[in-house]
Amino acid sequence: MRYSKAFVPTLKEVPKDATTPSHVLLLRGGFVRMIGSGIYEMLPLGRRVLAKIERTIRREMDDAGAQEVLMPALLPAEYFQETGRYDSFGGALFRLKDRKGAEYNLGPTHEEIITDMVRRDVKSYRQLPLNLYQIQMKFRDEPRPRAGILRCREFLMKDAYSFDVDEAHALESYAVMRAAYHRIFKHLGLDYRVVDADSGAMGGSTSAEFQVLVQTGEDALVVCSSCDYAANVEVAETTLPTDEKDTSDSPAAEKLHTPGVGSIEDVVAFLAKTLPDISAARMLKSLLYLVDEKLVMAVVRGDDDLNEIRLARTLGVDEVFMASEEDVKKATGAAVGFAGPVGFEGEVIIDPAAAAVTDAITGANETDRHLVHVRHGRDFEARVESVRMVKQGDPCPKCSAPLESYRGIEGGHVFVLGTHYSKKMGATFLDPSGEEKPVVMGCYGIGVSRLMAAAIEQHHDDDGIIWPMSIAPYQVILTPLGKAAGPLEAAEALYEELRVLGVEALLDDRAERPGVKFKDADLLGIPLRVTIGQRGLDEGLLELKRRDAKDAEKLPIAEMAARVATLVTELGGELTPRSAKA
Ligand SMILES: [Zn+2]
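Residues numbered from 1 in each chain as written. Predicted model: local features only at pLDDT ≥ 70, side-chain atom pairs only at ≥ 80, totals over all residues. Heavy atoms only, no water.

Details of the packing of aromatic side chains
Test applied: Each pair of aromatic rings taken from Phe, Tyr and Trp, with Trp reduced to its six-membered ring, is defined by centres within 6.5 Å and is described as stacked if the planes are under 30 degrees apart, edge-to-face if over 60, and tilted in the remaining cases. Per-residue accessibility, obtained with a 1.4 Å probe over protein chains only, is compared with the maximum for each type, and a residue is labelled buried under 20%, exposed over 50%, and partly exposed between these values. Secondary structure elements follow DSSP: runs of H or I no shorter than four residues count as helices, runs of E no shorter than two count as strands, and numbering proceeds from the N terminus. Should the NZ of a Lys or the CZ of an Arg lie within 6 Å of a ring centre and within 35 degrees of the ring normal, that charge is described as sitting over the ring.
This structure, assessed with the given rule, holds 7 aromatic pairs. Ring plane angle 50° and centroid distance 6.2 Å describe the contact between Phe-80 and Phe-89, whose orientation is recorded as tilted. Classification of Phe-80 as buried rests on a relative accessible area of 0%. Each ring, one from Tyr-192 and one from Phe-210, has its centre 5.9 Å from the other, and the planes form 20°; the classification is stacked. On the criterion of sequence distance, the pair formed by Tyr-192 in strand 9 (residues 192-196) and Phe-210 in strand 10 (residues 207-214) is long-range, its members being 18 residues apart. The ring of Tyr-3 has Arg-510 sitting right over it, with the charged end atom 3.7 Å from the ring centre.

The structure is reproduced here in structure tokens:
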């Protein structure tokens, strides 16, 4: 492509409301444009990137035995009504009517439609397994579209659905797709981790997220610095740091007057004069929760946070609710901030890290009073359960190496659905003994347009995007300098050589100053740049620079095309050789 003919409407200014790097750079680089809240059009460069992501996905899906279909985006309402999702999707579902008043919705996902596709034809176990996928626009009425194409209202997704005769076979399909996802994410050049969402009844995961590690993601994760353990912070586990197990003796508990200091920070500051070695790690934070109309006390270390999801799981309930100020007063006889486990009448859950503190400070269940030298097992009894929020530096539950905090963008998910949809919609088959059974489904999504943004979140610098070679809109940009005819002629010759070798080149033939050309090349993030200047030509040399490196290499003109083609391949790009012009 010649830059002078290309439709690349770059912007000089950073657009208002754009804060995340991918949002800013996609708009500035002329890859996408917003035409309405959360609605984006793909301009030529953006379309090229998407097409490459799609190509990678298609290849791996096809290799995994999946077959591509294309379902409509405009769906008669009866399908979502059949499963109840026409209502339960709530405000996220785009609903519309045709001229006759018939109801429709735009597809936010396609379980109903694919289940219908299969139930119409699949009658026997002989027709299974099946795996069908599509790459298509999805519509969700996000309450607050933001971050450009990371969270918008119309977006490109790959969704695949597997159909099996039983759960064991469904798990095999799931494993095949999970492996395919690994190949896809690797090929796209993304730093990602698989986060298991749960452990199924059959042992092993039946639901996992492929999280692209970035600093700007919506999901808080902990990731092991050594092994492959990664988890959402809300469900992450950790082991107790062994070096923090304290076995020293402590004096008897003692009540201290702590007027008006209820928070951990205030108590630590207040007691610092009397107890020189006081720290938040020696404080026990006692929190009261309403669980099935009873008050339960949860105790974590002062420097830890309570994980409400883990507490609810520990107590075998769906959700826990923080007790009201009034309930706290009634249960402890003290103002909020002075609750403690000693003498508390009710169930007490203590986190192992808190239970290991042998000389602790707690509220005394008396306003303006704290207890010092408190010890679990001596001064109070409590059930020891891991209920704190895992944080940076905690040991990995698998290998004990320190965990690191990350944010992630969910780029894909794999999920065993079971028979939820097939039972509701009557997608059944006859097994070898003639018994009618519901098909067992799995579903597998990838946010195609979202991955384009995620790649930028991971690969950029102050000057612009640094595309991984596998998804770059062009693999090399040729930058002839100056007004003389020589550099442009040499660039044209190289351009033709590269075309025959199958390298995708963008030839910057614009009559712009070198500074402008270099700036645009950096902004667009083309992985390789060949600079063609008159001085170099006089020496018979061209300059090759990688977008992700500082230094450039000089090569004889005759060797450049082959060198570029080799580098493209080495960096994960593909060549599509063409025949030379007659
Ligand atoms: Zn580990």
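Overview of the coordination of the zinc ion
Which entries qualify depends on this criterion: In this description, a donor is an N, O or S atom within 2.8 Å of the metal centre, a cutoff extended to 3.2 Å for sodium, potassium and calcium. Water is not part of the atom list, which can make sites seem incomplete. Site shape is set this way: if four donors have all angles between 85 and 135 degrees, tetrahedral; if opposite donors are over 155 degrees apart and all others between 65 and 115, square planar for four donors and octahedral for six; otherwise irregular.
Ligation of the zinc ion by protein atoms is provided by Cys-224 (SG), Cys-227 (SG), Cys-396 (SG) and Cys-399 (SG), these donors lying 2.3 Å from the ion. Its 4 donor atoms give the zinc ion angles of 100 to 115° at the centre, a pattern that matches the tetrahedral case. Of note, the zinc ion draws all its donor residues from one chain, in the sequence arrangement C-x2-C-x168-C-x2-C. One end of the pair, Cys-224, is in strand 11 (residues 219-224); the other, Cys-396, is in the loop between strand 20 (383-384) and strand 21 (403-418), with 172 residues separating them in the sequence. Judged by its relative accessible area of 0%, Cys-396 is buried.

Focus on the sheet that holds strand 5 (residues 95-97)
Pairing between the strands of a sheet is mediated by backbone hydrogen bonds and can be parallel or antiparallel. So the rule is basically this: A pair of strands counts as paired when DSSP detects no fewer than two bridges linking them. Angular values range over 0 to 180 degrees, each being the angle between N-to-C directions of two axes fitted as lines to C-alpha atoms, with helices fitted over their stretch in contact.
Across the sheet, 3 strands lie side by side as 4-6-5; this open sheet has antiparallel pairing. If you trace the sheet from one side to the other, it starts and ends with strand 4 (74-76) and strand 5, each paired once. Averaged over all adjacent pairs, the angle separating strand axes in this sheet is 40°, with direction ignored. Taken together, the 3 bridges between strand 5 and strand 6 (residues 103-106) define a ladder with antiparallel strand orientation. Bridged to Leu-96 within strand 6 is Tyr-104.

Observations concerning the nonpolar core
Formally: Buried residues of nine kinds, namely Ala, Val, Leu, Ile, Met, Phe, Trp, Tyr and Cys, make up a nonpolar core once their side-chain atoms join them within 4.5 Å. The split of the chain into domains comes from an automatic or database domain assignment. Residues count as neighbours in contact if any of their non-hydrogen atoms are within 4.5 Å of one another.
Phe-31, Ile-53, Met-61, Tyr-181, Phe-185, Met-452 and Trp-467 are the most contacted members of the largest nonpolar core, which totals 67 residues. When we break this core down by domain, the ones giving at least three residues each are domain 1 (44-71 + 110-237 + 405-456) and domain 3 (474-570). For Ile-53, the contacting residues outside a window of four places in its chain are Leu-188, Val-448, Leu-451, Met-452 and Ile-471. Judged by nonpolar contacts, the second largest core, of 24 residues, contains Ala-77, Leu-128, Leu-132 and Met-441.

Brief notes about the pattern of salt bridges
For the record, the criterion: The salt bridge definition used is simple: a Lys or Arg side-chain nitrogen within 4 Å of an Asp or Glu carboxyl oxygen.
All chains considered together, the criterion is met by 42 salt bridges. Arg-47 serves as the salt-bridge partner of Glu-54, at 3.0 Å between the closest nitrogen and oxygen. Glu-366 serves as the salt-bridge partner of Lys-255, at 2.7 Å between the closest nitrogen and oxygen. Of this pair, Lys-255 sits in strand 13 (residues 254-257) while Glu-366 sits in the loop between strand 18 (360-363) and strand 19 (369-374), placing them 111 residues apart in sequence. Residue classification places Lys-255 among the partly exposed residues on the basis of a relative accessible area of 44%.

Regarding helix 8 (residues 308-315)
Among the residues of helix 8, those classed as buried are Arg-310, Leu-311, Ala-312, Thr-314 and Leu-315. Where the residues of helix 8 are buried, they touch strand 14 (284-291), strand 15 (294-301), strand 17 (347-350) and strand 20. Of the residues flanking the end of helix 8, it is Gly-316, one or two places downstream, whose phi is positive at about 70°.

Concerning the confidence of the model for the chain
Quick note on the threshold: pLDDT runs from 0 to 100 and stands for how confident the predictor is about each residue.
Per-residue pLDDT for the chain averages 92, and the proportion of residues at 70 or more is 97%. Below pLDDT 50 for its whole length, residues 199-203 participates in 6 contacts with residues either more than four positions away or in separate chains.

Regarding the packing of helix 2 (residues 44-63) against helix 6 (residues 167-187)
Stated precisely, the cut-off is as follows: Orientation categories follow fixed angle ranges, with anything under 35 degrees roughly parallel, anything over 145 roughly antiparallel, 65 to 115 roughly perpendicular, and all other angles oblique. Less than a right angle of anticlockwise turn of the near helix away from the far helix marks a crossing as left-handed, whereas a clockwise turn marks it as right-handed.
The interhelical angle for the contact between helix 2 and helix 6, taken along N-to-C directions, is 155°, at an axis separation of 9 Å. Here helix 2 lies roughly antiparallel to helix 6, going by the angle between them. The crossing of helix 2 and helix 6 is right-handed. Along its contact with helix 2, which presents Thr-56, Ile-57, Arg-59, Glu-60 and Met-61, the element helix 6 presents Met-177, Ala-180, Tyr-181, Arg-183, Ile-184 and His-187.

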